[in-house]
Amino acid sequence: MVFTNYEQLINKVKGYPERKRMAVAAAGDEHTLEAVMHARAEGIVDPILVGDKAEIERILKEMGESVPQEHIYDYPDVKAAAEYAVQLVREGRADFLMKGKLDTAVILKAVVNKEHGLGQGRTMSHFTMFEVPSYHKILVAVDGGMVTYPTLEQKKDIINNTVETLVAMGYTCPKVGVLACVEKVNPKMPETIEANELKEMNQRGEIKNCIVEGPISYDCAVNKEIADFKGYKSPVAGDVDILIAPNIHAGNIMGKMFVCSCGARMAGFIVGAKCPIVLTSRGSSAEEKYLSIVVCAAAAK
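Residues numbered from 1 in each chain as written. Predicted model: local features only at pLDDT ≥ 70, side-chain atom pairs only at ≥ 80, totals over all residues. Heavy atoms only, no water.

Colleague: Can you break down the environment of Pro187 residue by residue, with the values?
Modeller: Mapped onto the secondary structure, Pro187 falls in the loop between strand E7 (175-179) and helix H7 (190-203). Between the alpha carbons of Pro187 and Met257 there is a distance of 29 Å; along the sequence they are 70 residues apart. (Helix = DSSP H or I, 4+ residues; strand = E, 2+ residues; numbered from the N terminus.)

Next comes the structure, spelled out in structure tokens:
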């Protein structure tokens, strides 16, 4: 299965027999609660709200919404709210986690806590999914939000995290393009060497359930005509699902170009932990947060 737009994904998640339980840390935020209530109204999630209870109830009242009292936990301190939301997931009382009105560092500290967190002993990475009007299906571009200068092993983890997430959503064999500015290995360009090594890992079966191509330029990855003109032959050319950026700057710039210049719709969250974590910016729109909830619900085990 491959999704061409968010509506297909939304309809798939709506068809699940049970709603996913989502713990929201520091839930007293208008945009967050707007997205959460939207997802609840669509039958996608049952929210568990952790934070300043009085503030949460005030915002819900202004929105004309309410949730059962047993699904609101009063933790006004954001650090305590993050820790309790993580505890809900760890104890099996929630399926995934969402960041509300608190700094990313606070919730990540609770997530990576060795004794009480949600780590799995490997690199966690940022998963961003884009519906780009000019491309024929959903694109995933990583990692533009978490791992700054990934090593070869970290890039392997990023690929595995991303592929596992798509497989959980119903994909069978995602096509992965490891990006560089050229399509050939150049000893003076470490990015091309690592791209080729990742391709070889895939061919040896060390990276599973996907096709890895690299080095591959962006134009060859998304446009088959350009790839053919350049003589670049690959099943990934013109049909890529996952774009692996060489570093956080390239990944971040690429994602912002999709949204700001190409009119893309975006969803983003953290993968590689014991559950997906909706970790959008506090300035993100309610729609971006809603779409991120939808994708997390699709990916959560």
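Read on, since the account is not over.
Colleague: Any chance you could break down the side chain of Lys175 for me, citing the residues and the numbers?
Modeller: Note on placement: Lys175 falls in strand E7. What makes Lys175 buried here is its relative accessible area of 18%. Of note is the side chain of Lys175, whose polar atom sits 2.6 Å from the side chain of Asp239. With residues near it in sequence (within four places) discarded, Lys175 still touches Ile211, Pro235, Val236, Asp239, Val240, Asp241 and Ile242. (Buried < 20%, exposed > 50% of the residue type's maximum accessible area, 1.4 Å probe, protein only. Polar contact = N/O pair within 3.5 Å; in protein donor to acceptor, adjacent residues only side chain to side chain. Contact = heavy atoms within 4.5 Å.)

Colleague: How would you explain the pairing of strand E8 (residues 211-216) if you had to name every residue and give the values?
Modeller: For a regular strand, side-chain orientation follows a simple rule: the groups alternate between the two sheet faces. Among the six residues in E8, five count as buried, and that is most of the element. Sheet analysis places E7 next to E8, joined by four bridges and oriented parallel. Opposite Leu179, over in E8, you have Ile216 as the bridge partner. Handedness of the crossover is the feature at issue here: the chain leaves E7, passes through H7, returns alongside E8, and the resulting connection is right-handed. (Pairing = 2+ DSSP bridges. Right-handed = clockwise from strand over helix to strand, strands pointing away.)

Colleague: How would you explain the layout of surface pockets if you had to name every residue and give the values?
Modeller: In this structure, the largest pocket encloses a volume near 470 Å³. Lining the largest pocket are 23 residues, and of these His126, Thr128, Gly144, Asn252 and Met266 sit closest to its centre. Of all the secondary structure elements, the ones that give two or more residues to the lining of the largest pocket are helix H5 (104-112), strand E5 (125-131), helix H10 (248-260) and strand E10 (265-271). With six residues, H10 is the largest single contributor of residues to the lining of the largest pocket. Partitioned by chemical class, the residues of the lining of the largest pocket number eight nonpolar, 12 polar and three charged. Roughly 250 Å³ of volume is contained in the second largest pocket. Taken together, 16 residues form the lining of the second largest pocket, with Glu164, Thr165, Ala273, Ala299 and Lys301 sitting closest to its centre. In terms of residue count, the dominant contributor to the lining of the second largest pocket is helix H6 (residues 152-169) (four residues). (1 Å grid on protein atoms, 1.4 Å probe; cavity = no way out; pocket = protein on both sides within 12 Å on 5 of 7 lines; lining within 4 Å. Points joined across faces, edges and corners; volume = space filled by probe spheres on them. Nonpolar A, V, L, I, M, F, W, Y, C, P; charged D, E, K, R; others polar.)

Colleague: Just give me the short version of the nonpolar core, but keep the residues and values in it.
Modeller: One finds Leu9, Leu49, Phe96, Leu97, Met129, Ile159 and Ile293 to be the most contacted residues of the largest nonpolar core, which totals 86 residues. Of all the elements, helix H11 (residues 286-299) adds the most residues to this core, at nine residues. Setting aside residues up to four positions removed in sequence, Leu97 forms contacts with Ala23, Ala85, Val86, Val89, Ile107, Val111, Leu118, Cys275, Pro276, Ile277 and Val278. In terms of nonpolar packing, the next biggest core, distinct from the first, is built from 20 residues, Val132, Cys220, Ala237 and Phe258 among them. (Core = buried A, V, L, I, M, F, W, Y, C linked by side-chain atoms within 4.5 Å.)

Colleague: Requested: an account of the pairing of strand E1 (residues 20-25), with residues and values cited.
Modeller: Burial of E1 is extensive: five of the six residues sit out of reach of the surface. Taken together, the six bridges between E1 and strand E2 (residues 45-51) define a ladder with parallel strand orientation. Bridging from a neighbouring strand, Ala25 pairs with Val50 of E2. What joins E1 to E2 is helix H2 (residues 30-41), and the crossover it makes is right-handed. Relative to strand E4 (residues 96-99), E1 runs parallel, the two sharing four bridges. What sits directly across from Met22, in E4, is Phe96.

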